[in-house]
Amino acid sequence: MEKANTQNIPSPIGENKQRIDARDKVTGAAIYADDFQFGNSLLHARIKRSPHPHALIKKIDTTKARALPGVKAIVTGEDFPGYIGLYLQDRFIFCRERVRYVGDPVAGVAAISEEIAQKALDMIEVECEILEPVLDPEFGVSPKAPLIHPDLGQYVVASFILPKPGTNISNHFKIRKGDVDSAWEKCAAIVERKYRIPHIQHVPIEPHVAIAKVDESGGVTLWGSSQSPFAQRNLIAQSMGISQSDMRVIAPIVGGGFGSKAGVSMEALAVAIATKVKGRPVKLLLTREEEFFTAFVRQGLVAYFKMGCDEKGRLLAVENRFYWDAGAYTEYGVNITRASGYSSSGPYEVPNVKTDSYCVYTNHPVGGPMRGFGMPEMHAGLEQCIDELALQIGMDAVAFRKLNCLKTGSILVTGSKMHPTGLPQCVEIVAEAIGWGKKSPPSAPHKRRGKGLALMWKAPAMPPNAGSSAWVELAEDGTLNVGVGGQEIGQGVFTVAAQMAAAALGVPYESVRIATPIDTRYSPYEWQTVASRLTWSMGNAIVRAAKDARRQILEVVAEAWEETIEDLDIVNGVVISFKSEKEIPLKNLVIYGLPKPGDQGWRGGPVIGRSNFMPTYVTGLDPETGQGERAVVHYTTGAQAVELEVDLDTGRIEILKGVSAFDVGKAINPEMVKAQMEGGFVQGMSSALFEILQLKGGVVQNPSFVDYRIATSADIPKDLQAYIVEVAQDDGPWGARGIGEHSMVPTIPAIANAIYDAVGVRFEGPPFTAEKVYLAMQDAGLIE
Amino acid sequence: MTINTHPTLPEFEYVRPETLAEASEFLTRYPGEARPFLGGTDIFVRMRDGLITPNFLVDVKKLDGTNDLRFEPQAGLTLGAAVNMNRVIASREVQAHYPLLAEACRSVASYQLRTRATVVGNICNASPAGDTIGACLVFNGVLHIHEVNGLRQEPLAEFFLGPGKTTLKPGDIVTAIHLPLPPKGCAGVYLKLGRNKLSDLSLVGVTALGHPDPSLPSGYRFRLALASVAPVPLVPTQAETYLANQPITPETIREAAHLAAEACAPIDDLRGSARYRKEMVRNLSAKALSEVWEKLK
């Protein structure tokens, strides 16, 4: 038997392993939802959508459309009375009685071709009574505003969401910590600002797609591009009044999600239509145009900040009001409102905080989760106020942040204590890397340079008991098959999952496979691929499952060798004994077990390890004060700094350098962690400089890439640096916590602060387009 | 405004005639229904969006001479209608004699699209934003047009009538753009302002060309062409005339840039405001003229 070299086996943890999905993606072999083939029985769905932002449906006449040859089904809201929604069930699958945004689904058609489906749509007649729309969240909370959801009081809602029936407020989250009112007089400097953050869209390369089939007995199969196969199983089944076990979701890898494919958005439409054409798969594929206004968008925000500090620069009080322009349905957005509330101090220790965060119904596209989950929007204003306050009190902005930022043991805005955090190191690192305090000369006389910096914090925003599970099984050749329910959306989670499973069991990374596609019938449960929670939560489940398998293997071997488990280890796919120096490869025992000596039978059998993870320690918050023992599982913290140049002739901003440092607890795959930091920086930069859904009367004016600009590779700064800080998470696998979303949280304010440093202008909100910058400089008299 | 959620390419017939005469004849037979067709980078998008609905697309890419890129030392450059922009960019003759044209082509869309897009198509599309039109204007380009009754030549400067509107009549096929020999000692620059660095339409585009001309009081002739600031690609002649008659100094360049801005009539749209565009014409014209002047003096 060959001897395993146990000395030089590095753990795959902390190694830059090649992505497990790299080859398939690069060669084009990877299968996405739209690639599934269904043959001739496939029907094509199209959706009749409201052209009005707010109206009552008086009549829908589908007679003519039904008569069109090739049309197999037409459905309307009448067919589906059930509500749907993640935290607040405020949505019908198809509108009933009322339409609430331009794009609201009114009817659905399935036909033998897309052309016929489209023709049928045009033949559906809808009579509406147009109502006054709500197009601004501040107007939305006023008593003058028309009610968008008169039935709000009857909706099913999660216990931690607090709607105000009889208003357009679907959640009002409050923080009342200390005594803000009496703190102001102790302040030596106070800053008061208002910001307006526009709606943007996730624009994943792969648009939403769902194919649904209902069999004769009512069982539903849904194939889709999804971050949330299990949440879709649960929510769609509930809404349709079927058993969760009759709802199967098959979800291959996702071509970009950024939150837009979390929860349920368009998938229920395909399922609903498919119930009327049993046995035939029905496909709904959004066009790019639909993607821009009928899938989730990032909510708009109107934010008021008041902040004060004493003469030494210590933050004394923060008072915020957030009006989230959450759109027509806020089933998901209500929790963004809550998350921004319990994070509303920013990553600072502030003794007195008063926050009112309102989730407001408007007749705008439906707000949903997007990378950062409210944090980029909130930090955009907050981190500019910090700069302004430092300036007012005469302190350096970095010194001000170092003084006030969260440290291990700081008292948080919700009253609990901060866990060990590397935020102070992150500030140091980015300040050093950007050359803080040193002004470099511009590249041309008509250019001005500036540097800016911002901090961030963010917790996974989720129900307190969002769970993960995992299994591992071994094949005849000793390879490890890992079952997970979390989704690969480009973030690299399958790679990290394989690294962790390999390390926990004791096999090489190269002998791990991930059981894909995610299939709710075979894959273990996972709440959702959101909140940057998988490395931590699913990772814990994987480690436990691998350890479960490991225990099973070692028990069999220990018994066979008459040793104890403590004498044994599994290294590089081989069970070894420290005591007897015996060894046996896993492949020799993981399926067939081991024979007892003298042909006296067998022991062991096929090995399958299983486990789960669910946080059990998150407590509720007082609805009046937002105070509680432990609001969230943990906070990832970090900092970014930029150096940029403003062209005085055009207003164009060129980001010269971007620096990120985040405390990820432990980088399982450092290169991928850095890639997350870089990718987040670029997406944050894109939202800072270019991106805005131009809404007019509830209609998106720029639903195409011609006029919705996103950063291209040419716009990425040449000098992009990422630094990893590792202060371990006590309940994270190897100490890891999430990083996916965090990296775009501080980018907008870092850029805004750098623009101010360069040319001394500030804006109500992004995007800081060349035109906006130029005209502001002109209005300020900085240029002719 | 309502949003068309499913823009689709309508049905049409693809026609590929064997000769120019046949092509012109076909186009004349179906006026308003048939259109000549080059790279398709604009026409397909506009058909998909329902802006135009031709029943026939007449492919002229294989017809006589449309694939030629020919430089004659005595006569200049003849660029066939079907020559794509990447070929223009890669051409040594273009690089040697008309680098401004190559620069303008490089600013268009992306590499992939430039494999389809053509300079003549850019011209015939007659968008005020056309990035390559300015270079052709300042080089005094002349269009070669095949019509039912034969051939005619038409100066590019007289070609544009409005957004998407030209002097072309049914049956007309632009077979090439001819650029005379560049003026001796000339230097040019194209400044494109997009919202981001790559693949945007120009918010404002400024083409400038200058060369020594002893017959003029200033001793230099400057040409300017402006994109996206008027219903047609605009040549601000007042600015050109001014520089012909004044000594070239930073001050006179600024004044010429001011005159260029005064000459344009931009609109407010999703991409930018009229105010900003006018400012950018002034600043980018000044910049372009200065850069050219630096190369000349």
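Counting restarts for each chain, with residues numbered from 1 along the sequence as it is written. Each chain gets a letter, beginning with A, and each ligand a number, beginning with 1, in the order they are written. Where local features are concerned, this predicted model is filtered to residues with pLDDT of at least 70; where side-chain atom pairs are given and counted, the filter is 80 or more; whole-chain, interface and lining totals use all residues.

1. Side note on the overall build of chain B
Numbering of helices and strands runs from the N terminus, with a helix taken as a DSSP run of H or I at least four residues long and a strand as a DSSP run of E at least two residues long. Check the secondary structure of chain B and you find 11 helices and 13 strands. Its C-alpha atoms give chain B a radius of gyration of 19 Å, near enough to 19 Å, the size a compact globule of 297 residues would have. Counting only C-alpha atoms and orienting by the principal axes, one finds that chain B spans roughly 55 × 50 × 30 Å. Looking at chain B residue by residue over its 297 residues, the buried ones come to 48%. Considering only contacts in chain B between residues 6 or more positions apart, those separated by 24 or more positions represent 63%. With C-alpha atoms as the basis for the radius of gyration, the globule rule is written as 2.2 Å multiplied by the number of residues raised to the power 0.38. Partly exposed residues are those whose C-beta has more than 12 but fewer than 20 other C-beta atoms within 10 Å; 20 or more makes a residue buried and 12 or fewer makes it exposed, with C-beta atoms placed from the backbone. Residues are defined as contacting one another if the C-beta atoms placed from their backbone atoms lie within 7 Å.

2. Things to note about the sheet that holds strand β8 (residues 125-130) of chain A
Residues and elements named next belong to chain A. Should DSSP find at least two bridges between two strands, the strands are regarded as paired. Taken in spatial order, the three strands of this open sheet run β6-β2-β8, and their pairing is antiparallel. Across the chains shown, the open sheet's two edge strands, defined by having one partner strand only, are β6 (98-99) and β8. With six bridges joining them, strand β2 (residues 55-61) and β8 adopt antiparallel strand pairing. In the strand pairing of β8, Asp61 is matched with Glu125.

3. Some words on the interface of chain A and chain B
The partner chain B presents 24 residues to the 28 residues of chain A that form the contact. Looking at the side of chain A that touches chain B, the elements that each hand over two or more residues are β1 (43-49), α8 (288-293), β34 (699-700) and α17 (770-779) of chain A. Class assignment of the residues belonging to the side of chain A that touches chain B gives a composition of 11 nonpolar, eight polar and nine charged. Gly falls in the polar group here, along with every residue not listed as nonpolar (Ala, Val, Leu, Ile, Met, Phe, Trp, Tyr, Cys, Pro) or charged (Asp, Glu, Lys, Arg).

4. Brief notes about the domain arrangement of chain B
Interfaces are often described in size by the accessible area the parts lose on coming together. Residues and elements named next belong to chain B. One can read the domain layout of chain B as domain 1 (13-58), domain 2 (69-180) and domain 3 (187-296). Per the annotation, domain bounds derive from an automatic or database assignment of domains. Look at where the C-alpha atoms of domain 1 and domain 2 centre, and you get two points 19 Å apart. Domain 1 puts 13 residues into the contact, and the matching count from domain 2 is 17 residues. Of the residues assigned to the side of domain 1 that touches domain 2, the class counts are six nonpolar, five polar and two charged.

5. Some remarks on the domain arrangement of chain A
Residues and elements named next belong to chain A. One can read the domain layout of chain A as domain 1 (22-30 + 466-613), domain 2 (38-131 + 209-277) and domain 3 (297-462 + 620-779). Each of domain 1 and domain 3 was reduced to a C-alpha centroid, and the two centroids are 39 Å apart. With 17 residues of domain 1 at the contact, the number on the domain 3 side is 19 residues. Per-element accounting of the side of domain 1 that touches domain 3 gives the leading share, five residues, to helix α14 (residues 534-561). Split into classes, the residues belonging to the side of domain 1 that touches domain 3 amount to eight nonpolar, eight polar and one charged.

6. Focus: unusual backbone geometry
All names here are of chain A. The amide bond that connects Thr516 to the next residue, Pro517, takes the cis arrangement and shows omega of -5 degrees. Inspection of the secondary structure puts Pro517 in the loop between β23 (512-514) and β24 (518-519). Pro766 connects to Pro767 through a cis peptide bond whose omega is -5 degrees. Examined against the element boundaries, Pro767 turns out to sit in the loop between α16 (747-759) and α17. Residues other than glycine seldom take positive phi values, yet Glu97 does so here, at roughly 70 degrees. Within the secondary structure, Glu97 is located in the loop between β5 (91-92) and β6. Its identity as a non-glycine residue notwithstanding, Asp599 has a phi of 55 degrees, on the positive side. Position of Asp599 among the secondary structure elements: in the loop between β28 (594-595) and β29 (602-603).

7. So, the environment of Ala498 of chain A
Residues and elements named next belong to chain A. Among the structural elements, Ala498 can be located in helix α13 (residues 493-505). Overall, Ala498 belongs to the buried group, with 27 C-beta atoms counted inside 10 Å. Along the primary structure Ala498 and Gln118 are separated by 380 residues, whereas in three dimensions their C-alpha atoms are 45 Å apart. When neighbours within four sequence positions are excluded, Ala498 is seen to be in contact with Ile20, Val482, Tyr509, Val512 and Ile514.

8. Details of the pairing of strand β3 (residues 56-59) of chain B
Remember that side chains alternate between the two faces of the sheet whenever the strand is regular. All names here are of chain B. As paired strands, strand β1 (residues 13-15) and β3 are joined by three bridges and run parallel to one another. Opposite Tyr14, over in β3, you have Leu57 as the bridge partner. Summarising the sheet, strand β2 (residues 34-37) and β3 pair through four bridges and their orientation is parallel. Residue pairing across strands places Pro36 opposite Val58, the latter belonging to β3.

9. Focus on the packing of helix α10 (residues 250-263) of chain B against helix α11 (residues 274-296) of chain B
Residue and element names in this part refer to chain B. Running from N to C, α10 and α11 cross one another at 140 degrees; their axes reach a closest spacing of 8 Å. By the angle between their axes, α10 is oblique relative to α11. The two elements α10 and α11 meet at a crossing, and its hand is right-handed. Here Ile253, Arg254, Ala256, Ala257, His258, Ala260 and Ala261 of α10 come into contact with α11, specifically with Lys278, Val281, Arg282, Ser285, Ala286, Leu289, Ser290 and Trp293. Across the contact of α10 with α11, the residue classes tally to nine nonpolar, three polar and three charged. Every angle, taken between N-to-C directions, lies between 0 and 180 degrees, and every axis is a line fitted to C-alpha atoms, over only the stretch in contact when it is a helix. Should an angle fall under 35 degrees it is taken as roughly parallel, and over 145 as roughly antiparallel, whereas 65 to 115 is taken as roughly perpendicular and any remaining angle as oblique. Whether a crossing is left-handed or right-handed is set by the direction in which the near helix is turned from the far one by less than a right angle, anticlockwise for left-handed and clockwise for right-handed.

10. Concerning the sheet that holds strand β10 (residues 173-180) of chain B
Residues and elements named next belong to chain B. Taking strand neighbours across the sheet as the criterion, the five strands line up as β4-β5-β10-β6-β7 in an open arrangement whose pairing is antiparallel. Strands at the two margins of the open sheet, each flanked by one partner only, are β4 (69-72) and β7 (150-155). With direction set aside, neighbouring strand axes in the sheet form an average angle of 20 degrees. Where strand β6 (residues 142-147) meets β10, five bridges bridge the pair, whose relative direction is antiparallel. Within the sheet, the bridge partner assigned to Val142 lies in β10 and is His178. Contacting β6 and β10, helix α1 (residues 20-29) crosses the sheet at an angle of about 120 degrees to β10.

11. Thoughts on the nonpolar core
Residue and element names in this part refer to chain A. Joining buried Ala, Val, Leu, Ile, Met, Phe, Trp, Tyr and Cys residues through C-beta atoms within 7 Å gives a set, and that set is a nonpolar core. Of all hydrophobic cores here, the largest spans 344 residues; its most connected members are Ala497, Ala501 and Ile542. Examining the composition of this core, we find that 13 residues originate from one element, α14, more than from any other. Once you skip the residues sitting within four places of it in the chain, Ala497 turns out to touch Val482, Val484, Ile514, Met538 and Ile542.

12. Section: the packing of helix α10 (residues 375-393) of chain A against α16 of chain A
Residue and element names in this part refer to chain A. Two numbers describe how α10 lies on α16: the axes approach to 7 Å, and their chain directions differ by 35 degrees. Relative to α16, α10 is oriented so that their crossing is right-handed. Counting all contacts with α10, which are made through Pro376, His379, Ala380, Glu383, Gln384 and Asp387, the residues of α16 involved are Ile748, Pro749, Ala752 and Asn753. Grouping the amino acids of the contact of α10 with α16 by side-chain chemistry returns five nonpolar, three polar and two charged.

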